[in-house]
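# A structural walkthrough
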Amino acid sequence: MPGGISADLAIQASYFLTAVLFIMGLKRMSSPVTARSGILWAGAGMLVATLITFLYPGMSNYGLILPAMLVGAVLAWWSGKRVAMTNIPQMIALYNGMGGGAAAAIAAVELYRGGTEGYASTTLAVAGGIIGAVSFSGSLIAFGKLQGLITRSIRFRGQQLLNLLLLAVALVLGALVAAHLDASLAVVTGFFLLALLLGLTMTLPIGGADMPVVISLYNALTGLAVGLEGFVLNNAAMIIAGTVVGSAGTLLTQLMAKAMNRSLGNVLFSGFGDTGTAATGEVSGSLKPIEASDAGVMMAFASKVIVVPGYGMAVAQAQHKVWELSQLLIERGVQLRFAIHPVAGRMPGHMNVLLAEAGVPYDLIADLDEINAEFETADVALIIGANDVVNPVARTDKSSPIYGMPILNADKAKNVIVIKRGKGAGFSGIENALFYLDNTRMLYGDGQKAAAELIQAIKAVE
Amino acid sequence: MTGMVALYIFMLAAFTGYEVISRVPVILHTPLMSGSNFVHGIVLVGAMVALGSAATPLEKTIGFIGVLLGAGNAVGGYVVTERMLEMFKSSGRAARQRPH
């Protein structure tokens, strides 16, 4: 049938093009200069693959496919367009979970209908199925935690044992199916239900602070599941895209864990993340307040200012005011840069997104490695909403839970101004030695209001 | 596709993913994770094929959910990634767009 052959050729060629566009798109997304075009390339690849799949030989059920696509696409479009930038991490978790669920659904359809031929194909379907299902339910828990729907981290003795048991039973059922010993409705269903349950029990004990690493891990797992189901369906686009994301996601997970000073094993099995170990180290000295007018003058006449924003700034929605303040200083000839700690925000790189939203150009934003040597020559370090990431005890106090975490050396600046809502310890409950240094002044108040006062103070200097 | 060829593709794709991402600056971690999240939205085409060959009501139901979820992954991943990356501007571009 010549028509069938040419349709097949068109499909194969399109999938090939899609794989190329995906890889080049991802490559472009790894540099800020080309990142914007990267997503457009990848998007074009997705469009090509989706459209050509309608020509797949032997397809039916279009009356179901089209409405399902429409509902999924519209819901995702609507939620993606209106989500605030502060809530992006949980939306990534949600969309990722959907991908994992889709991979598991493919496995389920193929296993229920006995569509897999041979042991290898069935084994791959089973493997992709369990990984996809775990990623699905796990990502939904991660979404719930970051969205504030699940506030408690449920932990009990023997939890790891229970997880291992669930995994073992799921694997036994999976092996029965894979070995073509028993692929009955009950066994396949039990296999998927256990996998879904495993995703829940694995993710529930992990605290909110570690969620970014977990989301990144599930992202890699979904990629792997998609790749595996690609083998089952003999679909080259899925194999390549899924595997590329699987390995890229694994690397990204490691980079994130490293940036947060945590190991992956630590995140998954130690149940830290919203630490209860509030080891309040003794700090000597006193907190010295400063008025906004004095702080404004100090910055207006500085030659070099480094701004250190933390998640507190985003919570107070102060990033626009902070950028306005920064622009005033830049116009006065002050050399100004933003110093971003890897864990500022809800996930590595999140703070950059929030600053970009306010209009801060990315070349004014510096990583920890780039900027740390510059604090010594800075006249003012302005800390707003950041706490643990500038706490010098991370360098000195071995008993501190944050000991060894790389920090921004704000304490080395000639003057430090800390904008803070009130007295009190940071996210980890650790007293911040920076606040008590001789060269530190505290500017108390809400981030947005304090920034507005600083703007007034600088405008008054003429 | 024979088993060995499949294995080669798997290996090469894995190394490609690793190479493409290595040396990425922290500033792009969140958008890149979102971007790779979008890329595995290709699962949509697999879900379409699975639903396209489903016969029983159970298979059709699961296939329907699969397509719905896959479409959500692809579209949602695209929208949030695009929104984030659209905001990244260099000083030159920001100055041109916002004359003082």
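Whatever comes next refers back to the structure up there.
We now turn to the structure provided with this report. Every chain is numbered on its own, with residues counted from 1 as its sequence reads. Chains and ligands are labelled by the order in which they are written, letters from A for the one and numbers from 1 for the other. Local features in this predicted model are restricted to residues of pLDDT 70 or higher, and side-chain atom pairs are both shown and tallied only at a pLDDT of 80 or more, whereas totals for entire chains, interfaces and linings draw on every residue. Remark: hydrogens and water are excluded; side-chain values derive from all non-hydrogen atoms of the structure.

## Notes on the side chain of Lys-288 of chain A
All names here are of chain A. The following threshold applies: We count a stretch as a helix when DSSP gives it H or I for four or more residues in a row; a strand needs E for two or more, and each element gets its number in order from the N terminus. Residue burial is assigned from relative accessible area. The probe radius is 1.4 Å, only protein chains are included, and a residue is buried under 20% of its type maximum, exposed over 50%, and partly exposed in between. Only four residue types enter the tally: Lys and Arg on the positive side, Asp and Glu on the negative side, with His and both chain ends excluded. Salt bridge, as applied in this entry: a Lys or Arg side-chain nitrogen positioned within 4 Å of an Asp or Glu carboxyl oxygen. Side-chain atoms alone can form a polar contact between residues adjacent in sequence; in general such a contact is a pair of N or O atoms within 3.5 Å, and within protein one must be able to donate a hydrogen while the other accepts it. Working rule for contacts: check all heavy atoms of both residues, and any pair within 4.5 Å makes them a contact.
Relative to the elements of secondary structure, Lys-288 occurs in the loop between α10 (264-269) and α11 (292-300). In this structure Lys-288 is buried but unpaired, with Asp-438 as the nearest side chain of opposite charge at 4.5 Å. At a separation of 3.1 Å, a polar atom in the side chain of Lys-288 contacts the main-chain carbonyl oxygen of Leu-437. The contact partners of Lys-288, leaving out residues within four places of it in the chain, are Tyr-436, Leu-437, Asp-438, Thr-440, Arg-441 and Met-442.

## Quick look at helix α1 (residues 3-21) of chain B
Residue and element names in this part refer to chain B. Heads up, the rule is: The span expected for a helix works out to 1.5 Å for each residue beyond the first. The arc in question is the one traced by the directions running from the helix axis out to the C-beta atoms.
For α1, with 19 residues, the first-to-last C-alpha span of 27 Å sits near the 27 Å given by 1.5 Å per residue. When we look at burial in α1, the residues that qualify are Ala-6, Ala-13, Gly-17, Val-20 and Ile-21. One side of α1 carries all its buried residues, which in axial view fall inside an arc of 80°. Facing away from the buried side of α1, by more than 90 degrees, are the exposed residues Leu-7, Leu-12 and Phe-15. After α1 finishes, the residue Arg-23 shows a positive phi value of roughly 70°.

## Some words on the packing of aromatic side chains
For clarity, the threshold we go by: Two rings from Phe, Tyr or Trp (for Trp, the six-membered ring) form a pair when their centres sit within 6.5 Å of each other. Planes less than 30 degrees apart are called stacked, planes more than 60 degrees apart edge-to-face, and all others tilted.
In this structure the tally under the stated criterion is 6 aromatic pairs over all chains. For the pair Phe-231 of chain A and Phe-10 of chain B, a centre-to-centre distance of 6.1 Å together with 50° between the ring planes defines the contact as tilted. On the criterion of chain membership, the pair formed by Phe-231 of chain A in helix α8 (residues 211-233) and Phe-10 of chain B in helix α1 is interchain, its members lying in two chains. Relative accessible area serves as the criterion here: at 29%, Phe-10 of chain B is assigned to the partly exposed category. Considering the side-chain rings of Trp-323 of chain A and Phe-338 of chain A, the 6.5 Å spacing of their centres and the 50° angle between planes classify their relative orientation as tilted. In this pair, Trp-323 of chain A is assigned in helix α13 (residues 319-331) and Phe-338 of chain A in strand β2 (residues 335-340), connecting sequence segments 15 residues apart. Taken together, the aromatic side chains of Phe-22 of chain A together with Phe-38 and Tyr-78 of chain B make up a single cluster linked through ring pairs.

## A short note on the pattern of salt bridges
It is possible for side chains of opposite charge to pair when their charged atoms get near one another. Residue and element names in this part refer to chain A. Throughout the structure, instances matching the rule amount to 9 salt bridges over all chains. A salt bridge links Arg-113 to Glu-110; the shortest N-O distance between them is 3.4 Å. A residue is classified by how much of its surface remains accessible, and Arg-113, at 35% relative accessible area, is partly exposed. The closest approach of N and O atoms between Lys-449 and Glu-453, which form a salt bridge, is 3.7 Å. Taken together, the residues span about one helical turn, with Lys-449 and Glu-453 both in helix α17 (residues 447-460) at a distance of 4 residues. Accessibility expressed as a relative area gives 51% for Lys-449, which makes it exposed. Salt bridges sharing partners connect three or more residues here, namely Lys-304, Arg-337, Glu-370 and Glu-374.

## Details of the interface of chain B and chain A
Put simply, an interface is often sized by how much accessible area is lost when its parts join up. How we decide: What gets called buried area is simply the loss in accessible area from a 1.4 Å probe that two parts show on being joined, summed for both.
Counting residues at the interface gives 79 residues for chain B, matched by 105 residues for chain A. Between chain B and chain A, roughly 8,200 Å² of surface is buried when both sides are summed, and carbon and sulfur atoms account for 77% of that area. Connecting chain B to chain A are 1 salt bridge. Where Glu-82 of chain B meets Arg-36 of chain A, a salt bridge forms, and the shortest distance between an N and an O atom there is 2.6 Å. Remark: the boundary between chain B and chain A carries 19 residue pairs in polar contact (both at pLDDT 80 or more). For the side of chain B that touches chain A, the elements supplying multiple residues, two or more each, are α1, α2 (29-39), α3 (43-52), α4 (57-87) and α5 (91-97) of chain B.

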